[in-house]
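These are the residues of each chain, in order.
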Amino acid sequence: MVTLSISFAAETLFHIGGLPVTNSLLMSWITMALLITLGLLVSFKITPVPGKLQNVGEMVVDTAIGFFTDVMGSRREAEKVFPIVFTFFVFIMLSNWLGLLPGIGSIGFEGTHVVDGHEEAAFIPFFRSTYSDLNMTLALGLISVTAVHVFGIATIGFFKHAGKFITFKDPISFFVGLLELFSEVSKVLSFSFRLFGNIFAGEVLLVVILGLVPYVAPLPFFMLEVFVGFVQALVFSMLTLVFMKVAMAEAEH
């Protein structure tokens, strides 16, 4: 008997060489393909008198850079970090919203899950929300924290940036530096578990509600998940932006 089950681990659909392609990884590729296509459409024909699509693109970019400038305190620094931070925002938001489309998590095939050392029949969906897989959120967390340090080193120099974490001026500064170093590791965990927890919980909630009352009742929860998808993208990108501002500023003495 095949049962509908929710697994913490993303299910493998097929392999490309030695690379296992999971349903959440497949969703991330679809998201990237859509973003690349949209970017090409907007930038393919830039004209002095913009058309509708170019107008929308310019408005979104100008609004975002203006907001980043307010946070960073400098338009020059905002433009430096804009590409990666804004990419985080649109990629996470679109990934979350695509995970709410009809058929995501409900169209698949009969397969098996390993439970307590033996295989049990289970339903394997073709597509699953990108961030219902902890590997994906952990990867984004690592990229974000690494980018923070790269921008910090590029702006104030390696030794000044490293001096925020490793200093031998006095025992108190040394201890505070160790705490700061530990906090950098905790940022990766915080980024990954926050995003994973909210998206995975939303996935479980929708599956349960759809199973109990499959028609009108899930609609409010669906709209809630649309909002949560936006908020999670905003929180992730804004935290990255704030951490970059701190990293790009010299330590006070």
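Chemist: Requested: an account of the nonpolar core, with residues and values cited.
Modeler: Nonpolar side chains in soluble globular proteins generally cluster together in the buried interior. Residues F68, V81, Y131 and M244 are the most contacted members of the largest nonpolar core, which totals 33 residues. Looking at this core, the element that brings in the most residues is helix α3 (residues 75-98), giving 11 residues. Not counting residues within four places of it along the chain, the set of residues in contact with F68 comprises A78, F82, V85, F86, M238 and L241.

Chemist: Give me the lowdown on the environment of F221, citing residues and values where you can.
Modeler: Mapped onto the elements, F221 comes out in helix α7 (residues 218-247). Given a relative accessible area of 30%, F221 falls into the partly exposed group. In this structure, the C-alpha to C-alpha distance between F221 and G202, residues 19 residues apart in sequence, is 8.5 Å.

Chemist: How would you summarise helix α4 (residues 134-156) if you had to cite specific residues and measurements?
Modeler: Taking 1.5 Å of rise per residue, the 23 residues of α4 would be expected to cover 33 Å, and the 33 Å separating its terminal C-alpha atoms lies within 8% of that figure. Of all the residues in α4, the buried ones are M136, T137, L140, G141, S144, V145, A147, V148, H149, F151, G152 and I156. Structurally, the start of α4 carries an N-cap: the backbone nitrogen of N135 is 3.1 Å from a side-chain oxygen of D133. Looking one or two residues past α4, G157 carries a phi angle of roughly 100°, positive in sign.

Chemist: Give a detailed account of the packing of α3 against α4, specifying residues and quantitative values.
Modeler: Between α3 and α4, the shortest axis-to-axis distance is 11 Å and the interhelical angle comes to 170°. By the criterion of interaxial angle, the relationship of α3 to α4 is roughly antiparallel. Contacts between α3 and α4 pair K80, V81, I84, F88 and I92 from the former with L140, I143, S144, A147 and F151 from the latter. The class makeup of the residues in the contact of α3 with α4 is eight nonpolar, one polar and one charged.

Chemist: Tell me about a nonpolar patch on the surface, and please be specific about residues and values.
Modeler: A surface patch of nonpolar side chains, amounting to about 650 Å² of accessible area, comprises F14, I16, L19, W29, M32, I36 and L40. Sorting the residues of the nonpolar patch by element identifies β1 (12-16) and α1 (23-43) as the ones contributing at least two each. Looking at which element gives the most residues to the nonpolar patch, the answer is α1, with four residues. Note that L19 resides in strand β2 (residues 19-22). Looking at L19, the relative accessible area reads 40%, which means it is partly exposed.

Chemist: Could you give me a rundown of the packing of aromatic side chains, with the residues and numbers involved?
Modeler: Under the criterion given, the structure shown has nine aromatic pairs. Aromatic pair F158 and F159: ring centres 5.4 Å apart, planes at 80°, arrangement edge-to-face. Residues F191 and F236 carry aromatic rings whose centres are separated by 4.5 Å and whose planes lie at 40° to one another, so their mutual orientation is tilted. Taken together, the residues span a long stretch of sequence, with F191 in helix α6 (residues 171-212) and F236 in helix α7 at a distance of 45 residues. In this structure, F191 and F236 share a single accessibility class: buried. The cationic tip of K187 hangs over the ring face of F243; the distance from NZ or CZ to the ring centre is 4.0 Å.

Chemist: Talk me through the packing of α1 against α3; I want residue IDs and the actual numbers.
Modeler: Between α1 and α3, the shortest axis-to-axis distance is 10 Å and the interhelical angle comes to 120°. Overall, the two elements α1 and α3 adopt an arrangement that is oblique. The element α1 and its partner α3 pack so that their crossing is right-handed. Contacts between α1 and α3 involve M27, S28, T31, M32, L34 and L35 on the former and, on the latter, V90, F91, L94, S95 and L98.

What counts, and where the lines are drawn
- Residue positions are given per chain, counting from 1 as you read along its sequence in written order.
- Thresholds applied to this predicted model are a pLDDT of at least 70 for local features of residues and 80 or more for the giving and counting of side-chain atom pairs; totals over whole chains, interfaces and linings are not thresholded and use all residues.
- Hydrogens are left out, water is left out, and the side-chain values use all remaining heavy atoms of the structure.
- Each nonpolar core is a collection of buried residues, namely Ala, Val, Leu, Ile, Met, Phe, Trp, Tyr and Cys, held together in the definition by side-chain atoms within 4.5 Å.
- For every residue, the accessible area obtained with a 1.4 Å probe (protein chains only) is divided by the maximum for its type, and the residue is called buried under 20%, exposed over 50%, and partly exposed between those limits.
- Every helix listed is a DSSP run of H or I at least four residues long, and every strand listed is a run of E at least two residues long, numbered separately from the N terminus.
- Here a residue-residue contact requires only that any non-hydrogen atoms of the pair lie within 4.5 Å.
- The span you would expect from a helix comes to 1.5 Å times its residue count less one.
- Whenever a nitrogen or oxygen atom comes within 3.5 Å of another N or O atom, the pair is scored as a polar contact, on the condition that within protein one atom can donate a hydrogen and the other can accept it, and that pairs from neighbouring residues in sequence are kept only if both atoms are in side chains.
- Interaxial angles span 0 to 180 degrees and are taken between N-to-C directions of axes, which are lines fitted to C-alpha atoms, for helices over the stretch in contact.
- Orientation labels follow simple angle bins: below 35 degrees gives roughly parallel, above 145 gives roughly antiparallel, 65 to 115 gives roughly perpendicular, and whatever is left gives oblique.
- Residue polarity is assigned by list, with Asp, Glu, Lys and Arg as charged and Ala, Val, Leu, Ile, Met, Phe, Trp, Tyr, Cys and Pro as nonpolar; anything else, Gly included, falls into the polar class.
- Residues enter patches when their relative accessible area tops 30% and they take part in no salt bridge; the joining distance is 9 Å for like charges and 5 Å for the nonpolar side chains Val, Leu, Ile, Met, Phe, Trp and Tyr.
- Under the convention used here, a 1.4 Å probe and the Shrake-Rupley method define accessible areas, while residue burial counts only the protein chains that appear.
- A pairing counts as a salt bridge when a side-chain nitrogen of Lys or Arg comes within 4 Å of a carboxyl oxygen of Asp or Glu.
- Any Phe, Tyr or Trp ring, taking Trp's six-membered ring, that has another such ring centre within 6.5 Å forms a pair; planes under 30 degrees apart are called stacked, those over 60 apart edge-to-face, and the others tilted.
- Whether a charge lies above a ring is judged from NZ of Lys or CZ of Arg, which has to be within 6 Å of the ring centre and within 35 degrees of the ring normal.
- The hand of a helix crossing depends on one turn: near helix anticlockwise from the far one by less than a right angle means left-handed, and clockwise means right-handed.

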